[in-house]
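Spelled out, the chains give:
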Amino acid sequence: MAASASRVPRIVVTVAVSARQPEPDIAARKRALYEGCLTRHGAAPIVLDATTEPAAREEAFASMDGLLLSGGADLDPARYGRSERGSVSMEPERDALEAAAWTAAQARGLPVLGICRGFQAINVFSGGALLQHVDGHAGPAFGKGAARLHPIRIAPGTRLARILFPTNAGGGVLRVNSYHHQAIRAADLAPGLLANAWTSSVAGDIVEGLEAADGRFIFGVQCHPERSESTPAAFERLFSVFVDASRGPADRR
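What you see is a predicted model; the values in this text were computed from it and never measured.

Novice: Could you give an account of the pattern of salt bridges, naming the residues involved and the relevant values?
Specialist: Under the defined criterion, the tally for this structure stands at 14 salt bridges. Between arginine 216 and aspartate 214 there is a salt bridge, and its shortest N-O distance comes to 2.9 Å. As a salt-bridge pair, arginine 227 and glutamate 226 come within 3.4 Å of each other at their nearest N and O atoms. The pair formed by arginine 227 and glutamate 226 is uniform in burial state, with each residue classed as buried. Look at the salt bridges and you will find they share partners, linking Arg94, Asp95, Glu98 and Arg117 into a network.

Right, dumping it as structure tokens:
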């Protein structure tokens, strides 16, 4: 037990190519926040983007203990069998990188955490779809003003409820940041995934969190919990639990 607890898990983090973003310095700040959420809980991030050489990707996939799919541009709707109806700023090369990372993680039964785009990617890679635009959920861009906030309802009895409310898994309401313009409705949710958080929108209730229904460590959240200035402190436990799950049992490693 002690040996497993002392392990430094290697967690692949997929990100946008900073140099290709309109503001590379902002992209670098975003990347640093993801890394910080892992290192402060004892993990070693392995950051990959679409420019990472194939050999380096394969080495990272073979050695990783967990996968974090970060936020960013819209996924190509062709990935879920739809034509473009509101998707913008797509990055097909990143889609391909993350699909490969997802496949490698699933083949090895590794923990996966998805944030914003990453939450949506988990759903798409699992056979689900996306609502390509919903009004009222994209506030100022990161670094351009105070985040838009809205309440989310954490579904009682879910694993996310137990993580966020460890003394009361009965769920609750939290106010989180909102930086997205795409969404997942109940009808869009992939088979095998369970909605664990919801919010209201002009399109009806939309999913704000998901987890694997079979107990595997697959979680996604639509908000950006790494941006702690606009996220409840309870979400820090999600990163802690993710890193602990990535350590895994000693005999698996």
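More follows now that the structure is in view.
Novice: Account for the environment of phenylalanine 219, naming residues and giving values.
Specialist: Inspection of the secondary structure puts phenylalanine 219 in strand β9 (residues 218–221). Judged by relative accessible area, which is 2%, phenylalanine 219 ranks as buried. Measuring from C-alpha to C-alpha, the distance between phenylalanine 219 and leucine 113 comes to 5.0 Å, with 106 residues separating the pair along the chain. In contact with phenylalanine 219, other than residues within four places in its own chain, are Val112, Leu113, Gly114, Ile122, Arg159, Leu160, Ile163, Asn196, Leu210 and Glu211.

Novice: A description of the nonpolar core should follow, citing residues and the corresponding values.
Specialist: Formed by 32 residues in total, the largest nonpolar core has its most connected members in Phe61, Met64, Leu67, Val112, Ile122 and Phe125. Going through the elements one at a time, α3 (54–63), β3 (66–69), α4 (92–108), α5 (117–125), β7 (193–199) and β8 (206–212) are the ones with two or more residues in this core. A per-element tally of this core places α4 first, with 6 residues. For valine 112, the residues in contact, after removing those within four places along its chain, are Leu67, Leu69, Trp102, Ala105, Gln106, Ile122, Phe217, Ile218, Phe219 and Phe242.

Novice: With reference to specific residues and values, describe the packing of aromatic side chains.
Specialist: Aromatic ring pairs are reported here in terms of the distance separating the ring centres and the angle at which the planes meet. Per the counting criterion, the structure on display carries 3 aromatic pairs. Aromatic pair phenylalanine 217 and phenylalanine 219: ring centres 4.7 Å apart, planes at 55°, arrangement tilted. For the pair formed by phenylalanine 217 and phenylalanine 219, the shared burial category is buried. Measuring from centroid to centroid gives 5.9 Å for phenylalanine 217 and phenylalanine 242, while their planes differ by 25°, and the two rings are stacked. A residue pair is termed long-range when its members are at least 10 positions apart, and phenylalanine 217 in the loop between β8 and β9 and phenylalanine 242 in helix α7 (residues 236–247) qualify at 25 residues.

Novice: I'd love a proper account of α3, names of residues and values included.
Specialist: Along α3, the positions that sit buried rather than exposed are Arg57, Ala60 and Phe61. The arc that holds every buried residue of α3, seen down its axis, measures 100°, which confines them to one face. Turned more than 90 degrees from where α3 packs its buried face, Ala55, Glu58, Glu59 and Ala62 sit exposed. If you follow the buried residues of α3, they end up packed against β1 (10–14), β2 (44–48) and α4.

Novice: Go over the pairing of strand β4 (residues 112–115) with me, naming the residues and quoting the values.
Specialist: Alternating residues of β4 divide into Val112 and Gly114 and Leu113 and Ile115, and every residue in both groups is buried. Here β3 runs beside β4; their pairing, made up of 3 bridges, is parallel. Residue pairing for β4: leucine 69 is matched across the bridge by glycine 114. With 4 bridges connecting them, β4 and β9 associate as parallel partners. Bridge pairing in β9 places valine 112 opposite isoleucine 218.

Novice: Mind laying out the state of the cysteines, listing which residues take part and the relevant values?
Specialist: Going through the model one piece at a time under the given rule, you end up with 0 disulfides. Left without a disulfide partner, cysteine 116 is nearest to the cysteine sulfur of cysteine 223, which lies 8.5 Å away. Residue cysteine 116 is classed as buried on the basis of its relative accessible area, which comes to 7%. The exposure class assigned to cysteine 223 is buried, which follows from its relative accessible area of 2%.

Novice: Go over the packing of α3 against α4 with me, naming the residues and quoting the values.
Specialist: Two elements in contact, α3 and α4, have axes separated by 9 Å at closest approach and are oriented at 30°. Viewed along their axes, α3 and α4 adopt a mutual orientation that is roughly parallel. Our pair here, α3 against α4, has a crossing hand that is right-handed. Listed contacts from α4 to Arg57, Phe61, Ala62 and Ser63 of α3 are Leu97, Ala100, Ala101, Ala104 and Arg108.

Criteria and thresholds
- Residues numbered from 1 in each chain as written.
- Predicted model: local features only at pLDDT ≥ 70, side-chain atom pairs only at ≥ 80, totals over all residues.
- Heavy atoms only, no water.
- Salt bridge = Lys/Arg side-chain N within 4 Å of Asp/Glu carboxyl O.
- Buried < 20%, exposed > 50% of the residue type's maximum accessible area, 1.4 Å probe, protein only.
- Helix = DSSP H or I, 4+ residues; strand = E, 2+ residues; numbered from the N terminus.
- Contact = heavy atoms within 4.5 Å.
- Core = buried A, V, L, I, M, F, W, Y, C linked by side-chain atoms within 4.5 Å.
- Phe/Tyr/Trp six-rings, centres within 6.5 Å; stacked < 30°, edge-to-face > 60°.
- Arc of directions from axis to C-beta.
- Pairing = 2+ DSSP bridges.
- Disulfide = S-S within 2.5 Å.
- Axes fitted to C-alpha atoms, helices over the stretch in contact; angles between N-to-C directions.
- Parallel < 35°, antiparallel > 145°, perpendicular 65-115°, else oblique.
- Left-handed = near helix turned anticlockwise from the far one by under 90°.

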